[in-house]
Amino acid sequence: MNGIQHIAEVFETRRRQGRAALMPYFTLGYPNPPLSLEIITAIAQAGADLIELGIPFSDPLADGPTIQHSTQVALEQGMSVKRALEMTATLRQRGLTQPLLLMGYLNPALAYGLARFIHEAREAGADGLILPDLPLEEAAEAETLCRENGLALVFLASPNTPPERLRRIADHTTGFLYLVSLTGVTGARSKLPPDLNAFVERARAVTQKPLAVGFGIATPDQARQVAEWADGVIVGSALIDAVRKSEKPVESAAHFVFTMHQAFASSSAEPL
Amino acid sequence: MSKKFGPFGGQFIPEVLMPAVEELEAAYNDAKHDESFQRELQELLQKYVGRPTPLFHAQRLSQSLGGAQLYLKREDLAHTGAHKINNALGQALLAKRMGKRRVIAETGAGQHGVATATAAALLGLECVIYMGAVDMARQQPNVLRMRLLGAEVRPVESGSRTLKDAINEAIRDWVTNVRDTYYLLGSALGPHPYPTIVRDFQRIIGDEARHQILEQAGRLPDLCIACVGGGSNAIGLFTAFLDDPQVRLIGVEAGGQGIESGHHAARFADPRLGRPGVLHGTYTFVLQTEDGQIAETHSISAGLDYAAVGPEHAYLRAIGRVEYTWATDAQALNAFQTLARTEGILPALESAHAVAEAIRLAPTLSPDSILIVNLSGRGDKDLDTVTRSLSAGEHSYGRLS
């Protein structure tokens, strides 16, 4: 089974169960490399359906203060692309079965060598890539390499994406379509954007592929609401905030993800 | 409009900005061919900015160097004291035409911030300037000027707290407020179409200089020199001469404390750190670690203290049309003093890098050769930095004479 199939299977299973997939984001190496492995292992056991693993970059321009802070700390702890790939492999060796998506900015991947990066990502056990500064127009080479390696290349769409472009992005994305809930950077928000449901419906009209919504989703209530519209819910900054504020980061992360998981379960109209 | 210069350039940006750059490209193409837009811009450049700026034959400096005849393109005499106003006015007019009420910009030395705040005041636009906290400390006068002009200056405390981080924050603001905000990028970098737009608004420097040297000396120059941070003043000067193969073009990067020290902003000079990569939406030469993290840069001049270079410069270097070299902090300081004492002009420390290269090269050239230096800005903003560096004793006044 390749990465694209692995991701498809999880969404399909959840769809059959009538509930959305929960996809936490966590920064590899935060607050330090061994602890981040423990945290990710714990959230995998607490109800994550897929996991997005952040590869730290010095200039994360799509990220708000929380994720900026986490990547900065991770870099100070000696994180690199090479270590991120090694840690991905370690997570697989520890028995994580969920699809793993590596999220990173383009430059570290280019410096590593795009072909080498994509090949080794798959070797390490990753199922897909999310590259927020690689729009469709610049992605031809990455698309080919990902296809050859059986890795999903997940594209993002945002609320201001025009209809024709949304269709093209949906055609190209593999694994799922990442809907950025708002025009803005990552980070917890007190309210969901008012036009989010309409945005998800616009995307639904142009593709059969799973739709996962991220950016700004912080609370179980918000997640439950989004889960009613979309096939997947991505939660990042709020999870990192929970870890940052806690004296028991592993337990706090697991508790946070479990709470989110429960929120979906109770929203489900269908029995699990 | 091509999105790339050879392999360099492109649009490596979050999806949310794609509609914005497409809207910008369409609006710019429209404005470019609209006579009333061009007329309005020309009139402002003439009556508000004070263009054309003079091309001045620096005879005492030429004589003392004993070689080429140096001509200074006096962008320092443009309103607000640097070439930045050419682009800021052009883009602010464009923003207004696009119906955007709010402009944001990054600034390093503060010259682009001042130019943007000025254009925004003139055209009645709301203006927010992002500036690294380190740069705010070393360019205080410009911070005060921006605030007096009615702009809000937001200190940037992330990363190295210089130009790179100011651009990160400006982009984050743009991502958030993309529907009503115009990002007025200050140099020939960033995602397409910015490198092209900025070049087009700055090429008036070279167009004027070409005309002026033909008038004054009766022939084209042998050499044109400009400093290169992002590279807008350089591309502005060079563009007019690209099709004249007999004119040598030299860009001068910030050598900081020397290339070997690793503390510099010379993207082309240091193969350990300077390699093609992506920063702020464009594929170009970027100072970076082996792991692809953006490297910390150093220059005495805030305006050159940046990890990436405009993509067209990467291309012009690759095809061999423009040569790139560097000058250190010390050489720039020496050039600053030399120009002050021989010609009565205090150049911006950025521009002093170009002057330094001219001082180095002129004696090797014959007295009938002609060299144009782009004096991209004036040095008032740098008095504090210069005074402190000189009193620290690193670069005594006496070394010059």
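These figures come from a predicted structure and were not determined experimentally.

Calculation rules
- Residues numbered from 1 in each chain as written.
- Chains lettered and ligands numbered in written order.
- Predicted model: local features only at pLDDT ≥ 70, side-chain atom pairs only at ≥ 80, totals over all residues.
- Heavy atoms only, no water.
- Helix = DSSP H or I, 4+ residues; strand = E, 2+ residues; numbered from the N terminus.
- Rg over C-alpha atoms; globule rule 2.2 N^0.38 Å.
- Buried < 20%, exposed > 50% of the residue type's maximum accessible area, 1.4 Å probe, protein only.
- Contact = heavy atoms within 4.5 Å.
- Areas by Shrake-Rupley, 256 points an atom, 1.4 Å probe, with all protein chains shown as cover.
- Core = buried A, V, L, I, M, F, W, Y, C linked by side-chain atoms within 4.5 Å.
- Pairing = 2+ DSSP bridges.
- Axes fitted to C-alpha atoms, helices over the stretch in contact; angles between N-to-C directions.
- Expected span 1.5 Å × (residues − 1).
- Right-handed = clockwise from strand over helix to strand, strands pointing away.
- pLDDT = per-residue confidence, 0-100.
- Phe/Tyr/Trp six-rings, centres within 6.5 Å; stacked < 30°, edge-to-face > 60°.
- Lys NZ or Arg CZ within 6 Å of the ring centre and 35° of its normal.

(A) Highlighting the overall build of chain B. A count of helical and extended segments in chain B gives 15 helices and 14 strands. The C-alpha atoms of chain B give 19 Å as radius of gyration, which agrees with the globular expectation for 401 residues (21 Å, within 12%). A buried classification covers 66% of the 401 residues belonging to chain B. At a minimum sequence separation of 6, the contacts of chain B that also span at least 24 residues come to 73%. Counting every atom, chain B has about 13500 Å² of accessible surface; 51% of that belongs to carbon and sulfur.

(B) Spotlight on the nonpolar core. With 177 residues, the main nonpolar core has Leu102, Phe117, Leu129 and Phe176 of chain A together with Leu94 of chain B as its most contacted residues. If sequence neighbours within four positions are ignored, Phe117 of chain A has contacts with Ile55, Val81, Leu85, Leu102, Ala109, Tyr112 and Leu129 of chain A. In terms of nonpolar packing, the next biggest core, distinct from the first, is built from 35 residues, Ala327, Ala352, Ala356 and Leu371 of chain B among them.

(C) Up close: the sheet that holds strand β5 (residues 102–107) of chain B. Residues and elements named next belong to chain B. With respect to topology, four strands assemble into an open sheet ordered β7-β6-β5-β8, the strand pairing being parallel. The strands lining the two open edges of the sheet, one partner per strand, are β7 (152–156) and β8 (181–183). When strand polarity is set aside, the average angle formed by the axes of neighbouring strands in this sheet is 25°.

(D) Structural detail: helix α3 (residues 65–76) of chain A. Over its 12 residues, α3 of chain A extends 16 Å from the first C-alpha to the last, a length consistent with the 16 Å expected when each residue adds 1.5 Å. Of all the positions in α3 of chain A, only Thr66, Ile67, Gln68, Ser70, Thr71, Val73, Ala74 and Leu75 of chain A are classed as buried. The secondary structure elements touched by the buried residues of α3 of chain A are β1 (21–27) and α11 (237–244) of chain A together with α8 (163–176) of chain B. One or two positions beyond α3 of chain A, positive phi appears at Gly78 of chain A, with a value near 90°.

(E) Here's a closer look at the pairing of strand β6 (residues 126–132) of chain B. Residue and element names in this part refer to chain B. With six of seven residues buried, β6 lies mostly within the body of the structure. Strand direction decides the pairing type here: β5 and β6, joined by six bridges, are parallel. Looking at β6, one finds that Ala105 is bridged to Ile129. Each parallel crossover has a hand, and the one from β5 via helix α5 (residues 111–123) to β6 is right-handed.

(F) Examining the confidence of the model for chain B more closely. Residues and elements named next belong to chain B. When the pLDDT values of chain B are averaged, the result is 96; 98% of them are 70 or greater. Taken element by element, the predicted model of chain B shows its lowest mean pLDDT in helix α6 (residues 133–138) (91) and its highest in strand β9 (residues 223–227) (99). Confidence over residues 396–401 falls short of pLDDT 50; this stretch has nine contacts with residues more than four positions distant or in other chains. Under the prediction, the complex receives an ipTM of 0.95, its pTM being 0.96.

(G) Molecular detail of the pairing of strand β3 (residues 100–103) of chain A. All names here are of chain A. Burial of β3 is two-sided: the residues Leu100 and Leu102 facing one way and the residues Leu101 and Met103 facing the other way are all buried. Strand direction decides the pairing type here: strand β2 (residues 51–54) and β3, joined by four bridges, are parallel. Among the inter-strand pairings, Leu53 is bridged to a residue of β3, identified as Leu102. Two strands pair when backbone bridges link them, and β3 and strand β4 (residues 128–130) are joined in this way by three bridges, in the parallel orientation.

(H) Up close: the packing of aromatic side chains. Evaluation of the coordinates by the stated rule reveals 13 aromatic pairs over all chains. Ring geometry for Tyr178 of chain A against Phe215 of chain A: centres 6.1 Å apart, planes inclined by 90°, an arrangement best described as edge-to-face. Residue Tyr178 of chain A is located in strand β7 (residues 177–180), and its partner Phe215 of chain A is located in the loop between β8 (211–214) and α10 (220–229); the two are separated by 37 residues in the primary sequence. Residue classification places Tyr178 of chain A among the buried residues on the basis of a relative accessible area of 5%. Under the relative-accessibility criterion, Phe215 of chain A is labelled buried at 13%. Here Arg317 of chain B stacks its cationic end above the ring of Phe285 of chain B, 5.2 Å away from the centre of that ring.

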